[in-house]
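# Fold and contact review
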There are 2 protein chains.
Amino acid sequence: MGRSKQSKNSKTAAKWVYTFGDGAAEGRSELSELLGGKGANLAEMSNLGLPVPPGFTITTEVCTAYFANGKALPDELRPQMEKALELVGKVAGSKFGDEASPLLVSVRSGGRASMPGMMDTVLNLGLNDATCEGLAQRSGDARFAFDSYRRFIQMYGSVVLGLDHHQFEDVLDNYKNLNGYGADTELSAEDWREVVEDYKELVETELDEPFPQDIHAQLWGAVGAVFSSWNTARAVTYRLLHDIPDDWGTAVNIQAMVFGNMGETSATGVAFTRNPSNGEKILFGEFLVNAQGEDVVAGIRTPQSLSEQARIEMGDKAASLEALMPELFTQLTGVCDNLEARFRDMQDVEFTIQEGKLWMLQTRTGKRTTGAALKIATDMVGEGLIGQSEAVMRIEPREIDKLLHPTLDPDAQRHVITTGLPASPGAATGEIVFDADEAEALAAQGRKVILARSETSPEDIHGMHAAQGILTTRGGMTSHAAVVARGMGRPCVSGAGRARIDHEAQTLSVDGLVIAKGEIVTVDGTSGQVLKGEVALRQPELSGDFVTLMGWADKARRLGVRANAETPHDVTQARDFGAEGIGLCRTEHMFFEPERIVAVREMILATSEEGRRDALAKLLPMQRSDFAEIFEIMGERPVTIRLLDPPLHEFLPNEGEDVAEAAKALGVDEKALKQRISQLKEFNPMLGHRGCRLAISYPEITDMQARAIFEAACDVAGSSGRAVTPEIMVPLVQARSELDFIKARIDAVANAVAQERGVEIDYQVGTMIELPRACLRAGEIAEAAEFFSFGTNDLTQTAMGLSRDDSGPIMNDYIARGIMEIDPFSQLDEAGVGELIAIGVARGRKARKKLKIGVCGEHGGDPQSIDFFERAGLDYISCSPFRVPIARLAAAQAALRARDGKRTK
Amino acid sequence: MGRSKQSKNSKTAAKWVYTFGDGAAEGRSELSELLGGKGANLAEMSNLGLPVPPGFTITTEVCTAYFANGKALPDELRPQMEKALELVGKVAGSKFGDEASPLLVSVRSGGRASMPGMMDTVLNLGLNDATCEGLAQRSGDARFAFDSYRRFIQMYGSVVLGLDHHQFEDVLDNYKNLNGYGADTELSAEDWREVVEDYKELVETELDEPFPQDIHAQLWGAVGAVFSSWNTARAVTYRLLHDIPDDWGTAVNIQAMVFGNMGETSATGVAFTRNPSNGEKILFGEFLVNAQGEDVVAGIRTPQSLSEQARIEMGDKAASLEALMPELFTQLTGVCDNLEARFRDMQDVEFTIQEGKLWMLQTRTGKRTTGAALKIATDMVGEGLIGQSEAVMRIEPREIDKLLHPTLDPDAQRHVITTGLPASPGAATGEIVFDADEAEALAAQGRKVILARSETSPEDIHGMHAAQGILTTRGGMTSHAAVVARGMGRPCVSGAGRARIDHEAQTLSVDGLVIAKGEIVTVDGTSGQVLKGEVALRQPELSGDFVTLMGWADKARRLGVRANAETPHDVTQARDFGAEGIGLCRTEHMFFEPERIVAVREMILATSEEGRRDALAKLLPMQRSDFAEIFEIMGERPVTIRLLDPPLHEFLPNEGEDVAEAAKALGVDEKALKQRISQLKEFNPMLGHRGCRLAISYPEITDMQARAIFEAACDVAGSSGRAVTPEIMVPLVQARSELDFIKARIDAVANAVAQERGVEIDYQVGTMIELPRACLRAGEIAEAAEFFSFGTNDLTQTAMGLSRDDSGPIMNDYIARGIMEIDPFSQLDEAGVGELIAIGVARGRKARKKLKIGVCGEHGGDPQSIDFFERAGLDYISCSPFRVPIARLAAAQAALRARDGKRTK
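Thresholds, definitions, all that
Residues numbered from 1 in each chain as written. Chains lettered and ligands numbered in written order. Predicted model: local features only at pLDDT ≥ 70, side-chain atom pairs only at ≥ 80, totals over all residues. Heavy atoms only, no water. Least-squares fit on C-alpha atoms with pLDDT ≥ 70 in both. Contact = heavy atoms within 4.5 Å. Axes fitted to C-alpha atoms, helices over the stretch in contact; angles between N-to-C directions. Helix = DSSP H or I, 4+ residues; strand = E, 2+ residues; numbered from the N terminus. Parallel < 35°, antiparallel > 145°, perpendicular 65-115°, else oblique. Left-handed = near helix turned anticlockwise from the far one by under 90°. Nonpolar A, V, L, I, M, F, W, Y, C, P; charged D, E, K, R; others polar. Core = buried A, V, L, I, M, F, W, Y, C linked by side-chain atoms within 4.5 Å. Buried < 20%, exposed > 50% of the residue type's maximum accessible area, 1.4 Å probe, protein only. Pairing = 2+ DSSP bridges. pLDDT = per-residue confidence, 0-100. Buried area = accessible area lost by both parts, 1.4 Å probe. Salt bridge = Lys/Arg side-chain N within 4 Å of Asp/Glu carboxyl O. Polar contact = N/O pair within 3.5 Å; in protein donor to acceptor, adjacent residues only side chain to side chain.

### Observations concerning the relation of the copies chain B and chain A
Of the transformation superimposing chain B on chain A, the axial component is 0.1 Å and the angular component is 179°, with the fit at an RMSD of 0.2 Å. A rotation of that kind, with that shift, is consistent with a two-fold axis. Among all C-alpha atoms of chain B, that of B:N684 lies closest to the rotation axis, at 2.1 Å. A share of 100% of interface residues in chain B that are also interface residues in chain A marks the association as one of identical surfaces.

Put into structure tokens, the structure is as follows:
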């Protein structure tokens, strides 16, 4: 805004118009802020000597001035435009408004960021009754001239004059009906001349003024209208959704028209410099002979392939451009090579051939699939076009995820029942069941099931593991179901709020549609869709390009990448995905297996420390072998084991039948069990008797877990001959005294085991930093802790006072009302939670210089958050196994950005 | 420790012994760190020329050295002690170990802080076979001499030699049985001589060594033993409980013995310089003729009054000291005046009269009731002894509370059933009921009830109001029951964990004792006791001294004091207790009345904004009159009204019958109501859809509340002719965008009402700062907020990740294991929560210089926390009405400490 005001006030008129064409340009690609992406690239193509129809760009500053001036173009713009128009005419060999050889121009928007289809365009501008006749004469094609004129009136009428384009279509339909015509092609030059008259009559009737014949006024009006379309409701919404600032504004490009519809030596087409589906280095695209750009898009005629190779692969009958116009094909190929060399990336171009001459209308970086992106990036490194770092920066880390999971066949038919949140990527098909035990039983019979629950709890974990996919009707992106599913790599749709599960009837219903237990459904955790029946899946394949690129990423990154995992399956997966250690082994997940839960419940029901010790003794050998297996899989990689974290009531059955059953299994009185359940009930379990608070109330649990860890470490060290260095992590600490108490117990067990086994195990004791107070007291805590691991889920919950399991409806309203933009459980809140982390890091390192600091919350797998963790100076990030590749790449990009002093937006 | 090491290492021996007596002393009262309280005051009394038996004090540094040296007294001490002993003997006219005129001494501990009865004492030291004979000769009382000797052997045997004192008692009992004696008084001198022989034999048998006859060795041993008793288990526990550092150590006082049991001209007694019960300025205490100190304590003989006035008041028959020994009484009165003048406070003294001569054995500041403390402080200001500020500092603010509530008659019999937490002070008696509706119904009939619930919820508020007292079996000091009861001034015992309520049977049972509905119980919220039957109560009376002292306090304080209140009753009470405004008016409390709850539920069940607006329209007139009443009561004092805060599910019935009933009242389907209840259910309501989040989801609620506030303000301004300036407070804000959204709604309503009424109401919009993120983002938030009020309850919950309703069992274990010392919900956690507040204050004031900042959490009534709020620079504190006087006094003390640069411990 400041810049435009200055321009307005300064006496020396600002440069508001940049010309291009005929192998030269006032602009260049780096000026995209000023000229927009399209204008900057047209200038660049001109500079490269490529055949670009001449034209000029009105800068984005004029857009700002336009709105600042109450939607009026500044007068100073007029002489600059006139001068530029003159130059364009000279290059084009015609003249704007010349009745003999009229220059026609297109008026298009072009902002810094692409907003496809959001803004207005006017083509064929420069036509009026007089120049139309001239065009007919000069082109020798009156039909073309009047068709162009009527198209212009229609476009100008709707974009600039504010009429409805349906009104024009009605006039045309009427004319065709009256004359018995079907397709537009049946209309002759004379017919179009009459339609033009009808169109002009329509305008005059509607506006009480004749259609403007002053082509300079037309142009002035069109430029204003295109600027004005920057602020249409749909454009504003689009920018809001795509995070594009309102004050960027758009540029306007005015360019000599070229026509692909001037006979059999004319054509129009689009091309990618490489195949955007698989990245192959081959000119890829389509064209139509004797057609205009909109015909390619409209899909009335089937476009033809560019290359012979593509034609053969596609099984097309129509000739390729290569066969039809070999010289022009070679020229186009050369242009594309030229563009790739200049822009150092795959380009998406538009071209027109007018009477045997090639014109380039647009070039921009081409969109591509993730697989293609990988191949193009690695190929370009091989070709010397880009360096390895640049290749690493080219891949969107989140996209990597798609390569790791089955996906729905894009060609398969879909019957979408409802949509929830895309909580864990990938797709899966199976029989719907509503109970974790049943899921496990059916899976054991080799059947594929989808587990549907209102919400999941730790008791459902075996069922989630047995299922192909998971569906919940409640909970957000970081609900229990979502977190666990991502950890397991299971597809999951969470919070499908329109669906209702009736547990008695064993049905899922959505708006009247009822799905009974056993019916086949498909969940797509990538899109959030829930589909009826089976949908064909595509299995993931990891290419050599993936491995190559990830290798470069690993070289570039500074942050270590670990995984949150505890089952042998997940730990193996994590290691295979490149995890350099386990950053979070949640021991409670090991407690839910049927043979263990009884002992866990015995422990909870015991009324004395002795009783608890007896029950814990039963768990010891199982825990020990859990840990031994993890140590074996991870080899010398570090393993961080978190002591028991959840409140004890999570291990007890819920109300109802389960209690009777559980009481029977435990051999206790149902009433006693119920009483203990009610005693342990908490108002806010998240802020309750959990984490290190359990270890302080029941230190014998810590004793057992520490013993299992140290004995397993001895076992594996003995059998493998390798040192095993466990890292024991104490959760939910907020004061040093808590850690001191628990560390003393751990140290005592370590000494005891060392004595018994005659083996000294090297180990570390550290803590999760997941409460605001812990961040503030990090200095003291670091005196007792050998490492910190930020638990950003709980830290976000407490810093913001927002329960992630309850945040769904709140965040919906917040995002709808524009109060927050991003779910803080998906992407770290840098301004609040981030400051707490920064405080924790600074105070922790001040107290203990070499303090190892990581993060093991869900944010450890989010690229944007990883960028913050890089800047915050953490040592490592830890995330779900399936997010490890994302994290490796995101960490590399963060390191490269830090190196280059750049920040993510 | 550092000091003692230095002493040990330095060649010039440290001064370890300080003598006193004969009108002079090496010490003085300011040296209590070095000499202990007792030693310093003995020195001071000597300096004042008062009759103190000569003696000397071994410093606390020696104690430290003793433990540092492995429990051995340093050799360098010996010559200093010998020299001091010589001096003592000279003053006493006797000599230690002299067979003709032996000096006997007492060896007593005396630390910086009083630890009554915790440590050891040895009396009559200096006796052996030879000096005992000498004592008999010199005193002319062989019985006295041998009785003293046997007492010494018994005391020395148990304290120094480690024998069990029962062993000595057995020997004595045996002797008495053999000789047919009943009381000790029947034993003659010869008998005691034989007992001495038996005692010595016991020692020799047990220790294989004769009882030591070397009196210097005796003294050395006794000094070591007294130091050693600093670290007995009971002393260590006492220090832990009373927050006395272990490294303070104790001093040892060695003092010439004087005897009150040397005939009818001898006596011993204790005195308070003023009446410790009511503060009256009269010598108050008791004495016994021909007795030793321990006889006064033992209670075998009934002590006599000191003054005639007291004797008459007490109805004693035995003569007063005033009558019996008028000269000595006058001398004692003079000594006491002298002491008060010197120590500028009421003193508690011990004295002995030996053969007509008065000896002062101890003086210390006397304990007193709160009423007495008030009278003494105000009297002393009148007497010119102390200034007003000093008087203000003399009263423990917490004690004030006792003056405001009925208390149990201390003389009444008590049958304690169980004990819970002293959640809200005062005592009450009534029929026990288990249901809020029933409590209300019975109270309406004029019956007194005690409401007993497992825990209370906002639905119980009408019952709590109707009840005389409240009892819960779950929840801590800051549970719903506790907070609400304190707010109402109702006595409450919370978390009586041993008691069980059986709702079906309508009984309360504790360890087998069953109390049925309707039985009379008494709750004492001051002690936490629950008692069977009726116990006589004492009603509170506020004296003129109270008013005087509170006036001085108000002059001294800087912090404003407001109250958290919303009912007309509480608001009036708060104003009468001196509240300068309402700092927190919780509008939700107004929603539970039967006529209102239906409309509230209609609003919650409405499926459209229109439906909600219809229901809210019914609430508007009620809210308006609520606010009008408050504005009327408070006059020009500011009133801060908080917008609706709790999650909506708090307004819906719980499971079971209630639902059917509520559905009927609402005229809706029970199933629909149940579904809405289940939809609104939250895992962690504390972190859920509440506070400003409600206003963002349902801005029509804010609209209604704002309208009620502005219309009420117009009404009252119109009728009273006074300006009414409401302060509207938005709860649970963590980002400026939340406040912006809601403030815009409020401003719009303000404009609308101003237009409709033609009256402009001056108002402020501010926010509660109760989330860590809000403290961090306080700068931005202050740009939109005109005031801050720290909600320290929720800030503590989120900063520490600790749910106050669930913290009971956690805090029990934490305190038991020494991990935390104080419940952070009772006293603000300065190190964590305090830093967040400091950050919030600094950033808020940086953004808005004149930002008004208060606190309205429970801590606003806690003296220690108030000291922090003073230091943090807050503008005001707000607390329950019954805590307003406490807060006024605590704020005054905090201001005085700040003025003097002092801090609370």
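### A word on the packing of helix α17 (residues 397–404) of chain A against helix α36 (residues 884–899) of chain A
When two helices pack together, their arrangement is given by the angle between their axes and by how far apart the axes lie. Residues and elements named next belong to chain A. Contact geometry for α17 and α36: axes closest at 8 Å, N-to-C directions at 160°. Here α36 runs roughly antiparallel to α17, going by the angle between their axes. Remark: the crossing between α17 and α36 carries right-handed chirality. Contacts between α17 and α36 involve P397, R398, I400, D401 and L404 on the former and, on the latter, P885, I886, L889, A890 and Q893. Residues of the contact of α17 with α36, tallied by class, amount to 7 nonpolar, 1 polar and 2 charged.

### Description of the nonpolar core
Core analysis: the biggest nonpolar cluster contains 143 residues, and B:F631, B:F710, B:I746 and B:I837 have the highest contact counts within it. With residues near it in sequence (within four places) discarded, B:I837 still touches B:F790, B:T792, B:L795, B:L828, B:F868, B:F869 and B:L874. Core analysis: the next-biggest nonpolar cluster, separate from the first, contains 142 residues, A:L403, A:V571, A:C714 and A:F790 among them.

### Quick word on the packing of helix α15 (residues 370–382) of chain B against helix α17 (residues 397–404) of chain B
All names here are of chain B. Two numbers describe how α15 lies on α17: the axes approach to 9 Å, and their chain directions differ by 115°. Judged by the angle between their axes, α15 and α17 are roughly perpendicular. From α15, T370, G371 and L374 reach across to α17, where they touch E399, I400 and L403. Residue composition of the contact of α15 with α17, by class: 3 nonpolar, 2 polar and 1 charged.

### Section: the sheet that holds strand β3 (residues 55–58) of chain B
Residues and elements named next belong to chain B. In spatial order, the strands read β2-β1-β3-β6-β4-β5; together these 6 strands make up an open sheet with antiparallel pairing. With partners counted over all chains shown, the strands left at the sheet margins are β2 (24–25) and β5 (121–125), one partner each. Here strand β1 (residues 17–21) runs beside β3; their pairing, made up of 4 bridges, is antiparallel. Within the sheet, the bridge partner assigned to V17 lies in β3 and is I58.

### Things to note about the confidence of the model for chain A
Note: predicted coordinates in regions of low pLDDT should not be interpreted at a detailed level. Residues and elements named next belong to chain A. Looking at chain A, pLDDT values average 91 and 97% of them are 70 or higher. This stretch, residues 1–11, has a pLDDT under 50; its non-local contacts, to residues over four places away or in other chains, come to 11 contacts. With pTM at 0.83, the complex prediction returns an ipTM value of 0.83.

### Remarks on the interface of chain B and chain A
With 51 residues of chain B at the contact, the number on the chain A side is 51 residues. For the pair chain B and chain A, the summed buried area comes to about 4700 Å², and 52% of that belongs to carbon and sulfur atoms. Here chain B is connected to chain A by 4 salt bridges. The salt bridge involving B:E835 is made with A:R843; its shortest N-O contact spans 2.5 Å. Here chain B and chain A share 34 residue pairs in polar contact (both at pLDDT 80 or more) between them. Among the elements of the structure, α26 (670–680), α27 (692–697), α29 (736–757), α30 (772–776), α32 (792–800), α33 (807–816) and α34 (830–847) of chain B are those that each provide at least two residues to the side of chain B that touches chain A. Element by element, the count of residues in the side of chain B that touches chain A is highest for α34(B), at 5 residues. Of the residues contributing to the side of chain B that touches chain A, the split by class is 21 nonpolar, 14 polar and 16 charged.

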